[in-house]
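Descriptive analysis of the structure
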Amino acid sequence: MRKATLFAGLIAGFSTLALNAAQAVEIEYWQYVFDTRVKAMDQLIENFEKANPDITVKQTTFPYADYQTRVIAAKMGGQGPDVMQLFYGWLDKFVAGGLLQPLPTDAFPHDKIEADFFPIVSAMKRGDDYYGLPTAVRSLALFYNKKLFTEAGLDPANPPKTLDEFVAAAEKTTKRDASGNLIVAGSTLDMGGQDHQWWREVLVRQFGGEPYTDNDRKVAYNTEAGEKALKFYTDLQLEKKIGQAGFMDEGQAAFRAGMAAMTIDGTFRLGAFKSIEGFEWGVTELPANADGVRSNYASYFANGISATTSGEKLEASKKFLTYISSPEAMDVWLKTVGELPARRAAAMTDANLADPIYGPFLKGLEYARTTMFVDEAAQRQNTIDMANRILLEGQSVKDSLAQGAAAEQAIIDAAAPK
């Protein structure tokens, strides 16, 4: 009798497990490969699944260079993620390709979004609809190697505050061998990294211009101010000789290897730089011009829901997106990746503002702009090409600037609704 009771209990237990398994919903989340971001999302998924045992989240990642192609190809094949990460500058392409659905307003009311998040969240809105929400936002700052500063006789407690001081510090920290080959760059020069943002949204403005007008749909930098800004940038290699495009392949690689004294980069590098044992570095606001004018560039990756997700998967996706956009998730992201919380109240705490690392980035957010790209990859490549024609081919700054402005205007015009 006892054996029969135990057997019946086991059957009931297995039946309950089977029922729970049958009722569990699995959704898939996609992002690109970046070690600290993947680690942070693993933690968020673990937290979410503990609180929602009826939902399983599978994370899938791809190399950054392949990511957009994989998302588009999956959509064409009738597959793909339920929740996906995307750069805000890809939104027009993703909406036009039918990859995203508007965020359901029952879970994501617009008044709450606009009250809680930094204003740059509006870059994820088209017409009356939001298509995604960020977990974190990024701004730029000047990273500097304290050891290289000390070796050059510079005070690491007093990093450059102006463009002139930046150039002077870069000249003092640059090292070359007997043949003149660069062995330590005073500063990285990497248009493919964040320098294209520095030139576009910071230097152009500091030299008296603006990069775009008409809601970023009209190129406006083919001016004297734009020419001065581009000459300042390319002269860092050609005249000041404080760095070299392509040195160590990537600017961040040169900096983390101790082969560059300074680099301009974003908050997303903090997690990686912090992990290097014995690496002493600091962060300061981007240099102002001689008149004290500052500017910055703010950006983010958002998370959105696939256009094809529906039914119980849609309900599960709404819950997951709500969690990864929560203050708790933002705290995990800040500690693991280094990117700032996208909710203003979560970011602008006294502790964060006083932090020597987070503080400069938060200050930068106060005067940052967010470029409304229509095709971020193409517009970035156009800026890279514009600099390379000067650095590698000897084209004049004026001619390369004019060529680049015309090419970018064509990119923008091609993306306009027909």
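As annotated in an unreviewed UniProt entry, the chain carries the name Multiple sugar transport system substrate-binding protein and is attributed to Aminobacter aganoensis.

Here we look at the pattern of salt bridges
Summed over the entire model, instances satisfying the criterion amount to 20 salt bridges. With a closest N to O distance of 3.9 Å, lysine 398 and glutamate 227 form a salt bridge. Note that lysine 398 is positioned in helix α18 (residues 397-415) and glutamate 227 in helix α9 (residues 224-238), a separation of 171 residues in sequence. For glutamate 227, a relative accessible area of 27% puts it in the partly exposed group. By sharing partners, the salt bridges in this structure join Arg37, Arg138 and Glu339 into a single network.

What to know about the domain arrangement of the chain
Domain boundaries in the chain define domain 1 (25-138 + 299-369) and domain 2 (141-297 + 374-415). Placing a centre on the C-alpha atoms of domain 1 and another on those of domain 2 gives a separation of 28 Å. With 27 residues of domain 1 in contact, the opposing surface of domain 2 contributes 26 residues. Here domain 1 packs against domain 2, burying approximately 2,200 Å² in sum over the two surfaces, 57% of which is carbon and sulfur. By the criterion of area lost to domain 2, the three top residues of domain 1 are Phe361, Tyr367 and Arg369, representing 30% of everything that side buries. One salt bridge connects aspartate 92 with arginine 217, and the closest N-O pair in it is separated by 3.7 Å. Put simply, domain 1 and domain 2 have six residue pairs in polar contact (both at pLDDT 80 or more) between them. Within the residue set of the side of domain 1 that touches domain 2, elements represented by two or more residues are α4 (91-96), α16 (358-365) and β18 (368-369). At five residues, α16 tops the list of elements feeding residues into the side of domain 1 that touches domain 2. Split by residue class, the side of domain 1 that touches domain 2 holds 15 nonpolar, six polar and six charged.

Quick notes on the rules
- Residues numbered from 1 in each chain as written.
- Predicted model: local features only at pLDDT ≥ 70, side-chain atom pairs only at ≥ 80, totals over all residues.
- Heavy atoms only, no water.
- Salt bridge = Lys/Arg side-chain N within 4 Å of Asp/Glu carboxyl O.
- Helix = DSSP H or I, 4+ residues; strand = E, 2+ residues; numbered from the N terminus.
- Buried < 20%, exposed > 50% of the residue type's maximum accessible area, 1.4 Å probe, protein only.
- Domains from an automatic or database assignment.
- Contact = heavy atoms within 4.5 Å.
- Buried area = accessible area lost by both parts, 1.4 Å probe.
- Polar contact = N/O pair within 3.5 Å; in protein donor to acceptor, adjacent residues only side chain to side chain.
- Nonpolar A, V, L, I, M, F, W, Y, C, P; charged D, E, K, R; others polar.

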